Amino acid sequence: MQQQFDVFVRWRPLSVSEPRAITHITEKHPAAHSISISSDRPWNSEPAFREIFSPESTNATVFQRVVSPVLPRVLAGQTCNFFAYGHSGSGKSHTVIGYEFNHTDEFGLCLASARVLFEELDRLNSTDGTQEGRLGLGLRLYELRKNIAFDLLNEHCKCHVREGYDGRTHIRGETEMLEDGKVRVRPILTQACWSFDELREYLLAGLARRATGTSTVHDLSSRTHAVLELEIVTQALLDAREAVVERQSELVPVAKRATDIYLEENIMGYIQSSDGKYAPNPDYRIDQTRIDEAEAKKAEFEAYVQQAEDHVTTVSKECPHACLGGKFVFVDLAGSEYYHDKTKTAETRPKQTPQEQQEGRQINTDLLALKEVIRARALKQARVPFRSSPLTMVMREHFQPAGTDSYSAMILTASPSTTQLSATVNTLKYGNLVGAAGKKTKSVR
């Protein structure tokens, strides 16, 4: 299985209110680029960057150089991940999401990718007239704040990030109590979209629910990591996944009854002596037949769940298009704040509440964990610390998709302003460590 990681740098333009620009030099090496910063503390990077974009580069340019080359991977059913990393105000959201939602050239990477994907899917759909087999995009959009995920397409529903018995990370919403003791726990909502305009409408509605707050740079900073997934789906695949959720809800009361019966019989079948030890109860004989019947019923419903899961696999395999399940994952990381900018005093730095300070510490923890995961994978370490933070737990499935290759890239957004020199250098240092490790990534088995 192939795992590839690239790092790009994008300098944003200098605003009118920023009088000076950082002096930097870009050097091209045979396989990568490096950056030299000229200041009172000069800094030179390794040749760790795939490409460096000037302030004049548009979103369309970045898309053509970063995302477009890996489009064939997604159309072959693979997963491609893109992270936007940088301090608050450096242009992360502008790069990933964009702000000109009606101008094609200024679409962020996610909308530009969706537009191109729909063009390809329309071409493929023209050869298949069935509605069930029609290809579309499944949109998932959620934000990670501290240890909780919030579903932005489902009324900001609070979800929990958990590792299941199967070793996979699951993001589950609130528990629904149904009739006959059934319990349904739905995953993050996948919104089926069959046209670009439909997807854009859902995306904008979800983004309006994203949380902002005060950072060390400004008071409208994104204080969450936003994760946006675009997956190629069919209605048949979505229906099969829904059936799994329903079978799981039917299993819950049956499994609970089997557990209750086992406990009831064993509680009555044993007594505690005066010395605290347990011994068989002479006045009661455990009804093993009752336990076996309950366990058999539980096994029957577990088989129904397995059949539903197998049907998902069958639907994927029977699709005539290899692109089914192909996925773009865009992560707009919260602004990094691990630096100490000596140019800002207590009077000029935006004031933060204790809660916002705590969120800032969690953001830094997540970003450090992400770097360590990338480096551990690149160095083929026996243990990759996915459990270090909710962010890396969520990305585990995307970094290691079952049975397919994966590609990941990080776009460092850098400010050219000398007033943000410390933050910019720290961003580049972070990317240098990640990029240098990514160059060591080779085929893994």
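Residues numbered from 1 in each chain as written. Predicted model: local features only at pLDDT ≥ 70, side-chain atom pairs only at ≥ 80, totals over all residues. Heavy atoms only, no water.

### With respect to the packing of helix α4 (residues 109-125) against helix α5 (residues 196-207)
To describe two helices that pack against each other, one gives the angle between their axes and the distance between the axes. At their nearest, the axes of α4 and α5 sit 10 Å apart, and the two run at 155° to each other. By the angle class used here, α4 and α5 are roughly antiparallel. The handedness of the crossing between α4 and α5 is right-handed. Listed contacts from α5 to C110, L111, A114, R115 and F118 of α4 are F196, L199, R200 and L203. Class assignment for the residues of the contact of α4 with α5 results in seven nonpolar, no polar and two charged. (Axes fitted to C-alpha atoms, helices over the stretch in contact; angles between N-to-C directions. Helix = DSSP H or I, 4+ residues; strand = E, 2+ residues; numbered from the N terminus. Parallel < 35°, antiparallel > 145°, perpendicular 65-115°, else oblique. Left-handed = near helix turned anticlockwise from the far one by under 90°. Contact = heavy atoms within 4.5 Å. Nonpolar A, V, L, I, M, F, W, Y, C, P; charged D, E, K, R; others polar.)

### Things to note about the nonpolar core
Soluble globular proteins tend to pack their nonpolar side chains together in the buried interior. Ranked by internal contacts, the top residues of the largest apolar core, which has 58 residues, are F82, L199, F328 and F330. With ten residues, α4 is the largest single contributor of residues to this core. Those residues within four positions of F82 in sequence are excluded, and the remaining contacts are V66, V67, V70, F328, V329, F330, V331, Y407 and A409. (Core = buried A, V, L, I, M, F, W, Y, C linked by side-chain atoms within 4.5 Å. Buried < 20%, exposed > 50% of the residue type's maximum accessible area, 1.4 Å probe, protein only.)

### Topic: the UniProt feature "binding site: ATP" (unreviewed entry) in the protein chain
In the UniProt entry, the feature "binding site: ATP" (unreviewed entry) is given for G86, H87, S88, G89, S90, G91, K92 and S93. With respect to the secondary-structure elements, G89 resides in the loop between β6 (79-85) and α3 (92-96). G89 gets classed as partly exposed once you look at its relative accessible area, which sits at 40%. Mapped onto the elements of the fold, G91 is located in the loop between β6 and α3. Of the residues examined, G91 reaches a relative accessible area of 24% and is grouped as partly exposed. (UniProt positions renumbered as here; feature names shortened; annotations may be inferred.)

### A few points about the packing of helix α1 (residues 59-67) against α4
Contact geometry for α1 and α4: axes closest at 10 Å, N-to-C directions at 65°. For the element pair α1 / α4, the angle class is roughly perpendicular. For the element pair α1 and α4, the recorded crossing hand is right-handed. Residues N59, V62, F63 and V67 of α1 form the contact with α4, whose participating residues are L109, A112, S113 and V116. Of the residues that constitute the contact of α1 with α4, the class distribution is six nonpolar, two polar and no charged.

### Looking at the environment of I271
Along the polypeptide, I271 turns up in strand β16 (residues 270-272). Sequence separation between I271 and Y284 is 13 residues, and the spatial gap between their C-alpha atoms is 9.9 Å. Setting aside residues no more than four positions away along its own chain, I271 makes contact with K277, Y278, A279, P280, N281 and P282.

### Focus on the packing of aromatic side chains
What the rule picks out here adds up to ten aromatic pairs. Measuring from ring centre to ring centre gives 5.5 Å for F82 and F330, while their planes differ by 20°; the resulting arrangement is stacked. Here F82 is found in strand β6, whereas its partner F330 is found in strand β18 (residues 327-332), with 248 residues between them in sequence. No difference in accessibility class separates F82 from F330, as the two residues are buried. Counting every residue linked through ring pairs, the aromatic cluster contains F82, F328, F330 and Y407. (Phe/Tyr/Trp six-rings, centres within 6.5 Å; stacked < 30°, edge-to-face > 60°.)

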